[in-house]
Every structure is written in C-alpha cells, then in structure tokens.
Amino acid sequence: MSQRIPVTELTPDFRGRAEEALADGQLRNNFRVAMDSLMTKRANAFPDADEREGLRELGNRIKAGALSRLPDLLEQLEQKLTENGVKVHWAETVEEANSLVHGIIEARKGSQVVKGKSMVSEEMEMNDYLAERGVECLESDMGEYIVQLDNEKPSHIIMPAIHKNARQVSKLFHDKLGEPETEDVNQLIQIGRRTLRRKFMEADVGVSGVNFAIAETGTLLLVENEGNGRMSTTAPPVHIAVTGIEKVVPNLRDVVPLVSLLTRSALGQPITTYVNLISGPRKPDELDGPEEVHLVLLDNGRTGAFADAQMRQTLNCIRCGACMNHCPVYTRVGGHTYGEVYPGPIGKIITPHMAGLDKVPDHPSASSLCGACGEVCPVKIPIPELLQRLRQENVKNPEQPQQVKGGGAKYSRTERWIWRGWQMLNTRPALYRSFLWAATRFRVLAPKKAGSWTENHSAPVPARRSLHDLAARHLDQNGGRPS
Amino acid sequence: MSARANILGKLRNSLAGTTPRPDEFDERLVTAPWRYAPEDRIDRLRSLMEAVHTEVHPCRSDNWPELVAELLNKRNLTNLLCAPSREHGRALQAYFEATEQKVELLAYDQPVEAWKEELFWNVEASLTGTLGGIAATGTLVLWPDRHEPRLMSLVPPVHIALLKASEIHDNLYDMMVAQDWAAGLPTNVLLVSGPSKTADIEQVLAYGAHGPRELIVLVLEDA
Ligand code: SF4
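A. Geometry of the packing of aromatic side chains. Residue and element names in this part refer to chain A. With the rule as written, the count across this model stands at 10 aromatic pairs over all chains. Between Tyr145 and Phe173 the ring centres are 6.3 Å apart and the planes differ by 55°, which places this aromatic pair in the tilted class. Taken together, the residues Tyr145 in helix H8 (residues 142-149) and Phe173 in helix H9 (residues 166-177) connect sequence positions 28 residues apart. Among the residues examined, Phe173 registers a relative accessible area of 2% and is labelled buried. With 6.1 Å between their ring centres and 25° between their planes, Tyr330 and Tyr338 make a pair best called stacked.

This is the structure in structure tokens:
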C-alpha cells in the first residue's frame, strides 16, 4: 500500500507517516531506485568539477543579486510585461491568487482548465479551489496527471509520481479510465497522450508555472520535456502563469547559466527538450497563441523569508529537486511523509515561511545534517545552516517576538531548566566536582529510563571514576609528569 | 492598500539601508567550456541530438526536398504541414508538384480556431525552418511567426526542421549576443532539443509524450 495523503487537511504527524513509509518495502524501493539514478545522472552531467563549481557560484551570485534589488526588478518586470501586452496581478495570499485566477476564468466563461506543471499552483491548491467553483482543472504533466487521477499529491517536485511503479499506474488507468492493463511504459504514456490531447484542444484556459521571469525583456521562461507546458500555454485562448515573487532575474543572459544548472541538477540533462520563452499574447497578425496572457505574482510568506537576511537565501531556490534526490532522509521516507507541498530539504526551509514552523515542527530535526543538500544545491543555498537556525527558532520562548512564523513551537520549560542546570554545573568548578563525586559514587542509582533515548539505546551509566580522578591519580603516581 | 503596494513595501522595508549587489556576471563561465572548431559544430549537435532520439540528416540546398519525400514515404505519411509563404515551403511545393508526390501539403494559413480539430487529429507531420542551432546542448532555435506559428512544431506527431549549418552557434550565450536578443524578443521563442519525452513512470524514458514523437533535423551543409 502506498501512502495516501488527504487532499486538503494535513496532520503534523511526521513521525507517524515516517514509520509507515519506512515499513513500506515497495515505496522504499521505488524511491531508492529513482534517487540513485537521479544522483548518477546529475554526477554525469557535471563531469568537470571546476566548471560545476564556477557555474554554481555564478548561479548564486545572480540569484543573490536579483534578491538584493527584488522590488525594483518586480516593477521593471511588470512594466515590460505590460508593454508586451501581458496583464500582471499581485497576490499576498493563496486565497487572493486563487480568486484572481478564478476571476480571469470567469470573465471568459471558462469551465475547463489544463495545467502545466506548477508547484506554485500546488501551493495554492488551485485544483480544489476551482473544482469547488465548477471549473475542471486538469493536470497535464504525465506524472501530475497520474497523481491527480489517484487523488494524491506529488511526492517529488520534478517527478511527481515517482512513488508509483508501472504496475500501480496500469491498475490506476484500468480502474479510472477503463484502459486494458499493461505494464509497458510506452503504452501507458500513449494512453495519457490520447486522453490529454483532447483536453488541450478543448480547454478554455491554460495555467502554467514559471521557471524564470526576465525583467529586461518581460519574458516568462518555462522548461519541460513533455510538451504539455507548450500545449497549456499555447493552445487555449487564455494563458495564466502563476509564480512566486522570487523568480525574477534581471537580464536575459542570466538564464543561460541558470537553465543549465537547473536541467543538469534536476535530471542530468544538458537541457530540457523544450525551453519556452513567452513574451506576450498573440499579435494581430499571428495565427495562434493565447489571446490573453496573465501573470499572477504570489507572496505567500516569501516576504517573511525575505525579511531575514539569512533565511532570504531560501529564495535563491530554482526548484531543481537535487537536494531531495541526495537526501538520505527523503530517499527513505519519501515525499508524502513531509505532508507538505514541498518535500525534502527545500521543503524544510521554505514551508515554515508559508505555513508556519509550528505546522512542521519536526521537519528541521528530520535531518542528519550530512550536508549533501547544501553541497549539490546549484544556487548554493546553505541548507544545513538554515536547518540549524530553524532548530533554534523552534525552541525559542513563544512569549518573545518570533523571527520566523510559528517559531517557538517546540519550546519546553523542562528542557530549558535542564540546560540552565547544565550551564550552572559547567560554570561552577566546586559544584561540578561535587556532582562528579556523587555521580561516580552513586552510579548504581543512575536512572534506567531516559525518555525516548532509552527506546533505542541502553541507558548511560557513569564510570566508576571520573576522567578527572583518573588523570589526577596518574599524575600523582608519575610524580607530576604526564607520562 | 493593494497587494502590490504591500508586497513591494515589505520588500523595500527589508532592504532598507542595504545596497544592491553589483552585477557580477562572468560570461567566460558560460562560453569557454562550450567552444568548438567550426568543423566540429555539426558533429557535436548531431551526436547530442541523436542521443535523445532525433534523426539528423546532413543534406544540401538542392536535395533536401527529395529527402523529405523519402522520409515521409518511408513512414507512409499522407500529409505535411508547411509554409508556402516561406522560401523553403515554396521549394518543397515545387519539388512535390514536379515529382507528383502523393503526400498532401497543408498550409497553416488561418487562425488556429478555424481548424483546431483538424490540426490536432489529422495533420501527420510538419516542416519548419529554424533560426539556428546550438552545438553545446544539441538544440534548435525556433522563432515562430505568422508563417510558421507556434503550434506547427508541437502538435503534429512528426516534426521536420531545416537547419542551416552556418547558423549553428557554439552556445546559447553566443547566439543571444550575436543576434542581440535582449533588444527585443518575439511573442514566443523556443529551444527544442529532441522529440517530446517523459520519464515520469519509473524513470523509463518514453518518447511522444504530448508533442512530436519524432524530430528529424535536416542540416543544410551548404547554407
Ligand atoms: S534548494 Fe537548491 S537543490 Fe533544493 S530544489 Fe532548491 S535549488 Fe534545487
């Protein structure tokens, strides 16, 4: 049984889901195989370490530079897009963004939407919002389509259906579409192609995400392999792009290194099959392309992350997924365990700003801090450092003002006292010595149970003599010489 | 207050007292590793494109229409969408007429709304020109226009693209600079590096996801 997460309400039960996932051999195998292969592909795509590091450094500089003048760039982008005939909208919350999107669809009396892959629309839970208002919103990326058909959420930001194998997809297509069962991946894809082609043709509106928004030219850049992104942004009469405010870059040339970093880090491809640069709706003399193009710029907590110079680095992210592919925790527990839109290391550092740290209190510590994520991140986000910062924010006194939304959720008075005691003990030599004396002499009285520690470990027993004692005796015997 | 004002206000607040970082773009990083001798460009492009299931055929300005006819006949295709208003479209038409080819040549000469059903279900192949190619990544560059609209290279299951050898650039950066793209882009620019594909099921690569199943590149070596 693969995990099923309910579409709207998520419980913060990370541990429970992790245990379930760890016990699911099929799920673990699906992830393990996929992550191993993605890691190999990335490694092969960067055969020259110097080239890779130079490019990562450049990627970091471009994104950090863009963030250092973000408000100006957003205004420039808006102005250029407007000149090009694209309508720009701003939304602080997912509610606002959804209602903007719905408004545009309603104005066209639209009832059918096809959507290219967009993580921001997942953030918005746009499908549900529109469905409640009688608008069918169909995912058109093969992986997203499979996940939607099974009423699930993506388990990986690049490979949404990576938790499923061909047999599971075959069964799904059989149950939901009445197709004959087949484990031939080619045939399964052709079923998807046929079904979705009609939808592309009939759709009133196409929705997509944006990989990079270029301020200089007023251009939206999308990368993809399938062609569903091009279909969604070209075939329907209206195209609505939704994106986070951090996706803007100053110049067209900036996308050269960024696209290279993105596709090589994500899939190990030198470039995706399609790179689609959209700079405006259909012109009067053109014969296709949408008549209207809209861009919805979403905040949803990003300005909160931006306010903190350290956490701001989170907004460098180009959503390549490499950090999850290389994460030993993600590989074992899978994407659904995180219970949030963005799983894995990037999810751990971005979700607190969107949902609040108190909604995901276990996430910052669900990490061995092995550092793999930070090492592979193409824009050099110091993820382990940010995780440590979030661990601190997690235990801050909730009565004090919080720097991260929902901080202080793991604050515990007992823990606080324990550390106070520890501090006292270690800063007062006399106290320390009497403690040592007591602990070694009465070692048999040491508690047999020490909370969750003794669930998996044997209880610590103090030694017969402290190191201090032993060293002192040693020196005595040697007449004060160390050896 | 509008969402726009709030967002920009918050961002400006957070930046108060800071100075923007200087532009530190270093073009060597995106050009130096991706330079080729002129005679190697075609090979590089070809091997990368073939690696992703693309057929690449070197040919000449005077024999490519013949090759197109051959490729279509081999696949038993009955129609081809091409632009009679473009030079290559006319050349193809002339050849097909002169040799009495059975393949029907279709033109994209009306707004898509007028023939969407036919375009989506009945057009078997298309032929378009390209603005050029990129050796570094094995990529074709397309600037769709009214003669060769956006969907022409996407909807038909087989896409044949003409690429002039002289227009193959080393890398994307060089091409952008040489043609001054930053000065203004058309409504849509496409970089195409193979037929449509997906690896969304078990990471098994399958071609023909939503776009063309086959991409065929004719490299005009004398052009
Ligand atoms: S944090 Fe870095 S590695 Fe992870 S998805 Fe974002 S860009 Fe990729």
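Let's pick the thread back up.
B. Representation of the sheet that holds strand S7 (residues 238-244) of chain A within the structure. Residues and elements named next belong to chain A. Read from one edge to the other, the open sheet built from six strands follows the order S1-S10-S7-S4-S2-S3, with strand pairing classed as parallel. A strand with exactly one partner marks an edge of an open sheet, and here the two such strands are strand S1 (86-91) and strand S3 (136-139). Across this sheet, the average inter-strand angle for adjacent strands is 20°, counted without regard to direction. Bridge analysis of S1 against strand S10 (residues 292-298) gives six bridges, and the strand direction is parallel. By the bridge assignment, Lys87 is partnered in S10 with His294. With respect to the sheet, helix H4 (residues 70-84) is in contact with S1 and S10, its orientation differing from that of S1 by roughly 145°.

C. Up close: the interface of chain A and chain B. Counting residues at the interface gives 101 residues for chain A and 73 residues for chain B. Where chain A abuts chain B, roughly 7,600 Å² becomes buried across the two surfaces, and 60% of that area is made up of carbon and sulfur atoms. For the pair chain A and chain B, the number of links is eight salt bridges. The shortest N-O distance in the salt bridge between Asp23 of chain B and Arg253 of chain A comes to 2.3 Å. Linking chain A to chain B there are 46 residue pairs in polar contact (both at pLDDT 80 or more). Take the side of chain A that touches chain B: its biggest share by element is 13 residues, from helix H10 (residues 185-202) of chain A. The residue inventory of the side of chain A that touches chain B, partitioned by class, reads 47 nonpolar, 25 polar and 29 charged. Direction of pairing for strand S9 (residues 274-278) of chain A relative to strand S9 (residues 188-192) of chain B: antiparallel, over a ladder of five bridges. Among the inter-strand pairings, Ile278 of chain A is bridged to a residue of S9 of chain B, identified as Asn188 of chain B.

Reading the values: the criteria
- Residues numbered from 1 in each chain as written.
- Chains lettered and ligands numbered in written order.
- Predicted model: local features only at pLDDT ≥ 70, side-chain atom pairs only at ≥ 80, totals over all residues.
- Heavy atoms only, no water.
- Phe/Tyr/Trp six-rings, centres within 6.5 Å; stacked < 30°, edge-to-face > 60°.
- Helix = DSSP H or I, 4+ residues; strand = E, 2+ residues; numbered from the N terminus.
- Buried < 20%, exposed > 50% of the residue type's maximum accessible area, 1.4 Å probe, protein only.
- Pairing = 2+ DSSP bridges.
- Axes fitted to C-alpha atoms, helices over the stretch in contact; angles between N-to-C directions.
- Contact = heavy atoms within 4.5 Å.
- Buried area = accessible area lost by both parts, 1.4 Å probe.
- Salt bridge = Lys/Arg side-chain N within 4 Å of Asp/Glu carboxyl O.
- Polar contact = N/O pair within 3.5 Å; in protein donor to acceptor, adjacent residues only side chain to side chain.
- Nonpolar A, V, L, I, M, F, W, Y, C, P; charged D, E, K, R; others polar.

Purely geometric numbers; function is a separate question.
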